[in-house]
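Now for the letters of each chain:
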Amino acid sequence: MNLARIAVEKRTLTTVATIILLVAGAASYFGLGQLEDPEFTIKTAVVVTSYPGASPREVELEVTDRIEQAIQQMPQVKEIESHSRAGFSHIKVDILPKYKSDDLPQVWDELRRKVSDAQRNLPPGAGEPKVVDDFGDVYGFLLAVVGDGFTYAELEKHVDAVKKELSLVTGVARVELWGVQPQCVYLDVAPARLAGAGVGVKEVAATLSQQNTVVESGAVEVQNERLRIETTGMFQSPRDIAELMVRARPLGASEEATRLIRVGDLARVRRGYSEPATAIMRYNELPAIGMAISNQPGVNIVDVGRALEKRLAELKADLPIGIEIEKVSWQADLVAESIRGFMVNLGQAVAIVAIVLWVSMGFRTAFIVGVTGLIYVILITFVFMKGMNIDFQRMSLGALIISMGMMVDNAIVVVDGVVVRMQQGMDRMKAAIEAATQPAAPLLGATLIAVLAFYPVAASPESAGEYCASLFSVVAISLMLSWVLSVTVTPVTCMAMLPQPKEGAGQDAYGGAMFRAFRGILRAAIRVRWLVLIVFTALLVLSFIGFGFVNKMFFP
């Protein structure tokens, strides 16, 4: 390969370029997004339609079937699953895995058009079908707002104010509330009392609905001005409902016997919460409302966590005594711990490589391999990750840790070749060029094989492939960089740092006890090579058979 010769002959330029890339790598490290899991899309949508009063069979025949037939015209659909029950239709639509995240917005638009076309054929009384496709939001931050001595209504008022402020924090996408108790007004009445007064439940409900509607009341034009007329009478409190008058006519009485009667004389009007509650949250045995916060794509989740903590500290000072905001789950802490774990693994990997090579090959050799084979590769990998919008997350960090064991292989081969040739009396520059040039092609082949071993993970069209795509990308980037640096930067570093061989140059570099033992094993294996081939072929067959008994699952 000519890369090694060019790098050695222009070693000053190579050194400057390497330093620039290292600085860029350090800057990229602080600029990369940090997430717990990689972003991926859920290729499923749900179409829900209400049909009050209809039986499950009527819902199936008159609503679900008609919407399904419209959806089935889409070539992107993989599977449709529907459930029809009294008054409600639920259709789940799965899209073919080959459609990527960039294609889904157009797919969902076409789904909405098909559903809208099918709506014209729905029976009277059926509600408007709703398409729900936003299942991809991940709420990494969960807060519990508790109020000792506060009602849910009072607590919700303060939570709404906090929600508005947190929605403005940089990096926050959505803030959703959970455990909010819907307020309502109850009219408690005995049926016998209504019957005695000659008032039906439908009459009361009709009167309430007519009284509390928003209608266009018109306008009055005065000269050059137009004055809008606004009607009054909207309910402001339960007392207003109690004062409302309804017509009452006892059973069998004449029209003249019709009279007006207050709702408050027929029923007890009270404010309350919807019963039974659909969701209740308690934190440390106190009533609470949850706040779930999702982040924008590609942000540094650790920075978002810090910004949220800062804003929460400011908001807590304005809250009344008794209302506290507590953390339930905080994704930023988990991500920060993962990043710290990666840096610990990196330090351990460098230390292990340095110690092993120090013992076997000397300190300077260990230093060159550790720096050019690990640290340089990882820092420059950060530059490519930044350019390809690959964040720090579970898969990319795992890929870097997996790659560490293979990164140093190329550098070790080159450094060992330089050391051996220099011990044999070869010129320093010639030794560096030859040690990098001769094994360059075999090392490239071995590196490509290691990279392609991970390609099926990224090639999978399923959601698992999208989730694990960065595993292949980061492994490919880091291992290919390790090969490039091993045939460029490593020989230049060897020329600058390796000491001159001690007296006795020209001796056999592979004459040590360890090499002699290995040579003996190799010779024995060659003498009985057919037996060795048969044994290892049998082991290979057994491994394929045994693989069929291994349990398989996506997550451990």
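Nothing here was measured: the structure is a model prediction, and the numbers come from that model.

Analysis parameters
- Residues numbered from 1 in each chain as written.
- Predicted model: local features only at pLDDT ≥ 70, side-chain atom pairs only at ≥ 80, totals over all residues.
- Heavy atoms only, no water.
- Helix = DSSP H or I, 4+ residues; strand = E, 2+ residues; numbered from the N terminus.
- Rg over C-alpha atoms; globule rule 2.2 N^0.38 Å.
- Buried < 20%, exposed > 50% of the residue type's maximum accessible area, 1.4 Å probe, protein only.
- Contact = heavy atoms within 4.5 Å.
- Phe/Tyr/Trp six-rings, centres within 6.5 Å; stacked < 30°, edge-to-face > 60°.
- Pairing = 2+ DSSP bridges.
- Axes fitted to C-alpha atoms, helices over the stretch in contact; angles between N-to-C directions.
- Core = buried A, V, L, I, M, F, W, Y, C linked by side-chain atoms within 4.5 Å.
- Expected span 1.5 Å × (residues − 1).
- Arc of directions from axis to C-beta.
- pLDDT = per-residue confidence, 0-100.

Enquirer: Sorry, what's going on with the overall build of the protein chain here?
Expert: The secondary structure content of the protein chain amounts to 21 helices and 15 strands. A globule of 556 residues ought to have a C-alpha radius of gyration of about 24 Å, yet the protein chain, at 37 Å, is considerably larger. On the principal axes, the C-alpha backbone points of the protein chain span a range of 130 × 55 × 55 Å. The burial tally for the protein chain puts 37% of its 556 residues in the buried class. Once local pairs closer than 6 in sequence are excluded, the contacts in the protein chain between residues at least 24 apart make up 78%.

Enquirer: What's the story with the packing of aromatic side chains in this structure? I'm lost.
Expert: Aromatic ring pairs: the centre-centre distance and the angle between the two ring planes describe each pair. Enumeration according to the criterion identifies nine aromatic pairs in this entry. Taking 5.6 Å as the distance between ring centres and 65° as the angle between the ring planes, the aromatic pair formed by Tyr 29 and Phe 392 counts as edge-to-face. Here Phe 392 lies in the loop between α12 (363–387) and α13 (394–423) and Tyr 29 lies in helix α2 (residues 11–31), a separation of 363 residues in the sequence. Across the pair, exposure class does not vary: Tyr 29 and Phe 392 are buried alike. Taking the centre distance of 5.9 Å and the plane angle of 80° together, the rings of Tyr 152 and Tyr 273 count as edge-to-face. One end of the pair, Tyr 152, is in helix α5 (residues 152–166); the other, Tyr 273, is in strand β12 (residues 268–273), with 121 residues separating them in the sequence. The exposure class of Tyr 152 is buried, given its relative accessible area of 16%. Every member of this aromatic cluster is reached through a ring pair, and the members are Tyr 29, Phe 30, Phe 382 and Phe 392.

Enquirer: Hey, could you run me through the sheet that holds strand β4 (residues 130–132) in this one?
Expert: Adjacent strands of a sheet form backbone hydrogen bonds with each other and so pair up, either parallel or antiparallel. The sheet built from four strands is open, its strands ordered β2-β3-β1-β4 with antiparallel pairing. Strands at the two margins of the open sheet, each flanked by one partner only, are β2 (77–85) and β4. For this sheet, the mean inter-axis angle between neighbouring strands, taken without regard to orientation, is 20°. Contacting β1 (44–50), β2 and β3 (88–95), helix α3 (residues 56–71) crosses the sheet at an angle of about 165° to β2. Along the sheet, helix α4 (residues 104–119) makes contact with β1, β3 and β4, crossing β1 at roughly 20°.

Enquirer: What is the right way to read the environment of Val 541 from this model?
Expert: Within the fold, Val 541 resides in helix α21 (residues 529–547). Considered as a pair, Val 541 and Val 344 are 197 residues apart in the sequence and their alpha carbons are 39 Å apart.

Enquirer: What is the right way to read unusual backbone geometry from this model?
Expert: Negative phi is the rule for most residues except glycine; trans is the rule for most peptide bonds. A positive phi is found at Asn 284, a non-glycine position, where the angle reads about 55°. Along the chain, the position of Asn 284 falls in the loop between β13 (281–283) and β14 (286–295). On the basis of relative accessible area, Asn 284 is assigned to the exposed category, the value being 63%. Here the phi dihedral of Asn 389 falls at roughly 55°; this positive angle occurs in a residue that is not glycine. In this fold, Asn 389 is placed in the loop between α12 and α13.

Enquirer: Where do I start with the nonpolar core in this structure?
Expert: Taken as a class, soluble globular proteins show a tendency for nonpolar side chains to be buried jointly. Counting 91 residues, the largest nonpolar core has Leu 166, Leu 308, Phe 382 and Phe 392 as its most contacted members. The dominant element in this core, judged by the number of residues it contributes, is α13, at 13 residues. By size, the runner-up hydrophobic cluster in this structure holds 23 residues, among which are Tyr 51, Ala 54, Ile 67 and Ile 95.

Enquirer: Is there a simple way to think about helix α15 (residues 440–452) in this case?
Expert: It helps to recall that an α-helix has 3.6 residues per turn; residues three or four apart then point in one direction. With 13 residues, α15 ought to run about 18 Å at 1.5 Å a step, and its terminal C-alpha atoms sit 18 Å apart, in line with that. Among all positions of α15, only Ala 440, Leu 443, Leu 444, Thr 447, Ala 450 and Val 451 are buried. One face of α15 carries all of its buried residues, which in axial projection span an arc of 125°. Projecting away from the buried face of α15 at angles above 90 degrees are the exposed residues Pro 442, Ile 449 and Leu 452. Where the residues of α15 are buried, they touch α13, α14 (428–437), α16 (455–459) and α18 (469–486).

Enquirer: I keep staring at the confidence of the model for the protein chain and nothing clicks. Help me out?
Expert: Note: predicted coordinates in regions of low pLDDT should not be interpreted at a detailed level. The share of residues in the protein chain with pLDDT of 70 or more is 94%, and the mean pLDDT across the chain is 84. Averaged pLDDT values for the elements of the protein chain fall to 72 in helix α1 (residues 2–9) and rise to 95 in α21.

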